[in-house]
Amino acid sequence: MKKILLTLALGLTILSANAQIQKLAGPRLGLTGITNGEISEELETNFLTQYGWQWESRFADGGGDVVGVVEWVVLVAGMEQGYFLPSVSSIIGARTGNGMEYGLGPNLSLAGIGMVFSVGKNFTSGNLNLPINLAFVPGRDGSGSRISIMVGFNMSNSK
């Protein structure tokens, strides 16, 4: 794991040059599917809605075609079913000038702590950013895995 993160950080530093890469902080809405396991049995469902916010910080931002990002994503799931299921994720990764992003990091929820793996793409329309992300948290000890599709938006035109 350490070798992967070191390689990613070095690669980002080397690739940094001159891009206009959007900041995508803002609200997030989504849907999470839960594979069969303890969580889905206790909740008596395999799907939950998500609502929350994403913040981000940059590193290895030399103005190039790739920047390093650290994202903090705070979500609440299950409100449509009367649940309050909070989660927090810290994701370290990379975002490219064409809007693709990749990352991984810890996820803390009522199900415990695990790793989240994510991939996404930012779509733009004028000044409107529409990031769409797919996130996966593998299940542990029979809890069931979680896969989420999240969409966000902001009107930022700044780096």
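Right, let's walk through the structure included here. (Residues numbered from 1 in each chain as written. Predicted model: local features only at pLDDT ≥ 70, side-chain atom pairs only at ≥ 80, totals over all residues. Heavy atoms only, no water.)

1. Here we look at the layout of surface pockets
Taken as a whole, the largest pocket spans an internal volume of roughly 680 Å³. Gln-50, Ser-87, Asn-107, Ser-109 and Arg-146 are the residues nearest the centre of the largest pocket, which is lined by 36 residues in total. (1 Å grid on protein atoms, 1.4 Å probe; cavity = no way out; pocket = protein on both sides within 12 Å on 5 of 7 lines; lining within 4 Å. Points joined across faces, edges and corners; volume = space filled by probe spheres on them.)

2. Focus on the sheet that holds strand E6 (residues 112-125)
Ordered in space as E1-E2-E3-E4-E5-E6-E7-E8, the 8 strands form a closed barrel in which the pairing is antiparallel. Each strand of the sheet is rotated relative to its neighbour by a mean of 25 degrees, with strand direction disregarded. With 9 bridges joining them, E6 and strand E7 (residues 128-137) adopt antiparallel strand pairing. Across the sheet, Ser-125 pairs through a bridge with Leu-128, a residue of E7. (Pairing = 2+ DSSP bridges. Helix = DSSP H or I, 4+ residues; strand = E, 2+ residues; numbered from the N terminus. Axes fitted to C-alpha atoms, helices over the stretch in contact; angles between N-to-C directions.)

3. Looking at the nonpolar core
A general trend in soluble globular proteins is that nonpolar side chains are found buried together. If you look at the biggest cluster of nonpolar residues, it comprises 7 residues: Val-73, Leu-75, Ile-91, Val-116, Ala-135, Val-137 and Met-150. Setting aside its immediate chain neighbours within four residues, Val-73 contacts Trp-53, Gln-54, Ser-87, Val-88, Ser-89 and Ile-91. Counting residues in each nonpolar core, the second largest holds 6 residues, with Ile-34, Ile-39, Leu-48 and Ala-77 among its members. (Core = buried A, V, L, I, M, F, W, Y, C linked by side-chain atoms within 4.5 Å. Buried < 20%, exposed > 50% of the residue type's maximum accessible area, 1.4 Å probe, protein only. Contact = heavy atoms within 4.5 Å.)

4. Observations regarding empty space enclosed by the protein
Rolled over the atoms, a probe sized like a water molecule indicates the empty space that remains. Counted under the stated rule, the structure contains 1 cavity of 30 Å³ or more. What the largest cavity holds in volume is close to 60 Å³. In terms of lining residues, the largest cavity is bounded by Val-69, Glu-71, Ile-91, Gly-93, Glu-101, Tyr-102, Gly-103, Ser-118 and Asn-133. Of all elements in the fold, only strand E3 (66-77), strand E4 (85-96) and strand E5 (100-109) reach the threshold of two or more residues within the lining of the largest cavity. It is E5 that provides the largest number of residues to the lining of the largest cavity, a total of 3 residues. The residue makeup of the lining of the largest cavity, split by class, is 3 nonpolar, 4 polar and 2 charged. (Nonpolar A, V, L, I, M, F, W, Y, C, P; charged D, E, K, R; others polar.)

5. Notes on the pairing of strand E2 (residues 47-59)
Burial along E2 is one-sided: the face carrying Leu-48, Gln-50, Gly-52, Gln-54, Glu-56 and Arg-58 is buried and the face carrying Phe-47, Thr-49, Tyr-51, Trp-53, Trp-55, Ser-57 and Phe-59 is not. Pairing of strand E1 (residues 26-34) with E2 involves 8 bridges; the strand directions are antiparallel. Its bridge partner lying in E2, Gly-33 is registered against Phe-47. Here E2 pairs with E3 via 10 bridges, running antiparallel. Pairing of Glu-56 across the sheet is with Glu-71, part of E3. Here E2 folds back onto E3 in antiparallel fashion, the turn holding 6 residues, of which Ala-60 has a positive phi close to 50 degrees.

6. Let's talk about unusual backbone geometry
Positive phi outside glycine occurs at Glu-44, with the angle close to 60 degrees. In this structure, Asp-141 takes a positive phi of about 50 degrees despite not being glycine. Following the sequence through the fold, Asp-141 ends up in the loop between E7 and strand E8 (146-152). Judged by its relative accessible area of 68%, Asp-141 falls in the exposed class.

7. Notes on the packing of aromatic side chains
For the structure shown, the criterion picks out 1 aromatic pair. Ring centres 6.5 Å apart and planes at 50 degrees place the aromatic pair Trp-53 and Trp-55 in the tilted group. The ring centre of Phe-123 lies 5.7 Å from the NZ or CZ of Lys-121, which sits over that ring. (Phe/Tyr/Trp six-rings, centres within 6.5 Å; stacked < 30°, edge-to-face > 60°. Lys NZ or Arg CZ within 6 Å of the ring centre and 35° of its normal.)

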